[in-house]
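# Analysis of the macromolecular model
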Protein chains: 2
Amino acid sequence: MSPAGGRLPPYRAELPFTYAFGRFAVLEALTHRPDDVTAVLWHARLPDTERERLLAAAARAGVAARRDDATVARLRRKESVHCLAVVAKREERLAEAADHVALVRPSHPGNVGSAIRSLVAFGFGDLALVAPAVDAWGPYVVRASVGLRFAVRCQAFASLEAYRARYPRHAAYLFDAGGELELEEVEFRSPFTLLFGPEWQAPGAADAAVAAAPDPRSTVAPAPVSAPPRTVRIEQDNRVESLNLAISVSIAAYRASRARR
Amino acid sequence: MSPAGGRLPPYRAELPFTYAFGRFAVLEALTHRPDDVTAVLWHARLPDTERERLLAAAARAGVAARRDDATVARLRRKESVHCLAVVAKREERLAEAADHVALVRPSHPGNVGSAIRSLVAFGFGDLALVAPAVDAWGPYVVRASVGLRFAVRCQAFASLEAYRARYPRHAAYLFDAGGELELEEVEFRSPFTLLFGPEWQAPGAADAAVAAAPDPRSTVAPAPVSAPPRTVRIEQDNRVESLNLAISVSIAAYRASRARR
């Protein structure tokens, strides 16, 4: 997947592969996508015990690992990173029967990665990203997810309508500080989607996202009609305008994983 | 508080003041600590509407605001920051009757700041930091909290024993992946402490923190004896070794704020 014998370039969204930096991310890539890892590179400064664990994991996955100080040093963004994996991108499609999480216009790769880490913790494996969104393959997302990016399916959609038309059976729960339901009182009926609007939105700002959903009163019915989203709030002190996106997603996923029906 | 007429130095823990960078943090400092803000400085690139809001807030707090492009540019860490507040540190003591959160050896200022933001959201205003811990006044903590650092009391303790001896009435709930109780089944009895061990701990690693609590079987009773902590787990998929600290704290605080007795 990487240019045969060529020099590995800095990451760009257009490349057919991405990089997992650091031992945790490399190990997760080898665990979840053994067939997609095309190389593991390590730097002389990787401690012995970590290198042994890494080489064993690479051998189990049938992946070539080699020392390449210059490439690791050139591509890493932090000096504390002493290894990387080259991971081929693949086309991912959300599982039809699974519960989903959808992020509309997420702008911080760190938040998307942190959210993924929590989603995996609470049993969610399918993440929709509604454009314009961060590149779900970017190394910042991978690193913030501590490599659990490779344990989930991420699919990009041009609009919220496009996502909902594709998965019309999914009941959408739109999280918003002004939501009609309190999180604790919601019974989540599978299949469902936990839906989050743009970061930094003020209370009520999710109206725009709601408006983007198909209008159920429309006389010209679009192919599959999905029900309008219920809006859900995470009750909080009014001094805080909004929780951090990754934290809202984590709390919602924690609760939904316990209130699934 | 700042050197009279002198040049403001880069932040150091030894200084009697800290900096709040960016408009959100400056506004929170003016809201929660109007008497402690000694100056607000803005850069010419601060957009007009934001500057007007900032100047109005400074005037309400009786704080001098002045344009000082050079100082803002010299002290900021990101070019997107166009204002700062100089905020005097004060001695903070945790409220005796309030519920607390205690972080043992937290090492990432970003995690502490993010945790603070969520704690304020869920009605917690008292945070104990057990050494060695990050500097709770540091600008990274302030910024990650979006200025809500100024809405809470943070107190440093030399050890977990020192904290527990000081607040012996607080029932401690120690969060650990191998905890005996599931978060959902805990009834939190005030006053209580949500207690979190070192970051990146593996399941069971909280044993060290438990061991650091006074031994209730000890024949030589220390002055006030506090009950040993109950251990609590946040049920999750076993693929993830541990949630991010800020996210664990947020989920625990969310749940405890609803299950207080």
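Please refer to the structure placed before this passage.
Going along each chain's sequence as written, the residues are numbered from 1 onward. Chain letters and ligand numbers both follow the written order, the letters beginning at A and the numbers at 1. Residue-level local features of this predicted model are given only where pLDDT is at least 70; pairs of side-chain atoms are given and counted only at 80 or more, and the full residue set underlies all totals for whole chains, interfaces and linings. Side-chain metrics in this entry use all non-hydrogen atoms of the structure; hydrogen atoms and water are not considered.

## Details of the packing of aromatic side chains
- Side-chain rings of Phe, Tyr and Trp, where Trp is taken by its six-membered ring, are said to pair if the distance between their centres is within 6.5 Å; with planes under 30 degrees apart they count as stacked, over 60 as edge-to-face, and otherwise as tilted. Within this structure, the stated rule accounts for 22 aromatic pairs over all chains.
- Look at B:Phe175 and B:Phe196: their rings are 4.9 Å apart centre to centre, the planes differ by 10°, and that puts the pair in the stacked class. With B:Phe175 in strand β8 (residues 171–175) and B:Phe196 in strand β10 (residues 192–196), the pair connects residues that are 21 residues apart, well separated along the chain. Here B:Phe175 and B:Phe196 have matching classes, each one buried.
- Aromatic pair B:Phe188 and B:Phe192: ring centres 5.3 Å apart, planes at 45°, arrangement tilted.
- For B:Phe192, a relative accessible area of 0% translates into the label buried.
- Through pairs of rings, three or more aromatic residues link up here, namely A:Phe124, A:Tyr173, A:Phe188 and A:Phe192.
- Here, over-ring charges are defined by two tests on the NZ atom of lysine or the CZ atom of arginine: distance to the ring centre within 6 Å, and angle to the ring normal within 35 degrees. The side chain of A:Arg51 reaches across the aromatic face of A:Trp42, ending 5.1 Å from its centre.
- Positioned above the aromatic ring of B:Trp137 is the side chain of B:Arg149, whose terminal nitrogen or guanidinium carbon lies 4.1 Å from the ring centre. Note on conventions: DSSP H or I runs of at least 4 residues are helices, E runs of at least 2 residues are strands, and numbering of each starts at the N terminus. Accessible area is worked out with a 1.4 Å probe on protein chains only. A residue is then buried under 20% of its type maximum, exposed over 50%, and partly exposed in between.

## Some details on the interface of chain B and chain A
- The contact definition used throughout considers only heavy atoms, calling two residues in contact when any of these lie within 4.5 Å. The interface is formed by 33 residues belonging to chain B together with 32 residues belonging to chain A.
- At the boundary of chain B with chain A, total buried surface from both sides reaches about 2800 Å², with 60% on carbon and sulfur atoms.
- Salt bridges are defined as contacts in which a side-chain nitrogen from Lys or Arg sits within 4 Å of a carboxyl oxygen from Asp or Glu. Taken together, chain B and chain A are joined by four salt bridges.
- As used in this structure description, the phrase polar contact means that two N or O atoms lie within 3.5 Å; if the pair is within protein, one of them must be able to donate a hydrogen and the other to accept it, and residues adjacent in sequence are counted only when both atoms belong to side chains. Taken together, the links from chain B to chain A amount to seven residue pairs in polar contact (both at pLDDT 80 or more).
- Those elements giving two or more residues to the side of chain B that touches chain A turn out to be α1 (23–32), α4 (109–121) and α8 (245–258) of chain B. The term buried area denotes the loss of accessible surface (1.4 Å probe radius) that occurs when two parts are joined, taken as the sum for both partners.

## Quick look at the environment of B:Ser250
- Relative to the assigned elements, B:Ser250 resides in helix α8.
- The exposure class assigned to B:Ser250 is buried, which follows from its relative accessible area of 0%.
- Along the backbone, B:Ser250 and B:Leu119 are 131 residues apart, and their C-alpha atoms lie at a distance of 6.7 Å.
- The contact partners of B:Ser250, leaving out residues within four places of it in the chain, are A:Ile247, A:Ile251, B:Ser118 and B:Phe122.

## Re the pairing of strand β10 (residues 192–196) of chain A
Residues and elements named next belong to chain A.
- In terms of burial, β10 is a largely internal element, five of the five residues being buried.
- Burial of β10 is two-sided: the residues Phe192, Leu194 and Phe196 facing one way and the residues Thr193 and Leu195 facing the other way are all buried.
- Summarising the sheet, strand β5 (residues 100–104) and β10 pair through four bridges and their orientation is parallel. Looking at β10, one finds that leucine 103 is bridged to phenylalanine 196.
- When DSSP finds at least two bridges between two strands, those strands are taken to pair. In this structure, strand β8 (residues 171–175) lies alongside β10, joined through five bridges in parallel fashion.

## Here we look at the relation of the copies chain B and chain A
- Superposition of the copies was done by least squares, using only C-alpha atoms of residues whose pLDDT is at least 70 in both. Superposing chain B onto chain A takes a rotation of 180° plus a shift of 0.0 Å along the axis, which leaves an RMSD of 0.0 Å. In the structure described here, the two chain copies are related by an operation that fits a two-fold rotation axis.
- Looking at chain B, 97% of its interface residues are interface residues in chain A too, so the copies touch through the same face.

## Points about α4(B)
Residues and elements named next belong to chain B.
- Here, expected helix span is obtained from the residue count minus one, scaled by 1.5 Å. Taking 1.5 Å of rise per residue, the 13 residues of α4 would be expected to cover 18 Å, and the 19 Å separating its terminal C-alpha atoms lies within 8% of that figure.
- Buried residues dominate α4, accounting for eleven of its 13 residues.
- Within α4 the residues assigned to the buried category are Asn111, Val112, Gly113, Ser114, Ala115, Ile116, Arg117, Ser118, Leu119, Val120 and Ala121.
- Just past α4, the residue glycine 123 takes up positive phi, approximately 85°.

## What to know about the packing of α1(B) against helix α2 (residues 48–60) of chain B
All names here are of chain B.
- A fitted line through C-alpha atoms serves as each axis, taken over the contacting stretch for helices, and the angle formed by two N-to-C directions is quoted from 0 to 180°. Axis separation between α1 and α2 bottoms out at 10 Å; the angle between their running directions is 15°. The orientation of α1 relative to α2 falls into the category roughly parallel. The way α1 lies across α2 gives a crossing that is left-handed. Of the residues in α2, those touching α1 at Arg23, Val26, Leu27 and Leu30 are Glu50, Arg53, Leu54, Ala57 and Ala58.
- Each residue is assigned to one class: nonpolar for Ala, Val, Leu, Ile, Met, Phe, Trp, Tyr, Cys and Pro, charged for Asp, Glu, Lys and Arg, and polar for all the others, Gly among them. Here the residues of the contact of α1 with α2 are counted per class, giving six nonpolar, no polar and three charged. An angle counts as roughly parallel when it lies under 35 degrees, as roughly antiparallel when it exceeds 145, as roughly perpendicular when it falls between 65 and 115, and as oblique in every other case. Handedness of a crossing follows from how the near helix is turned relative to the far one, being left-handed for an anticlockwise turn of less than a right angle and right-handed for a clockwise one.

So yeah, pure geometry; function would need other evidence.
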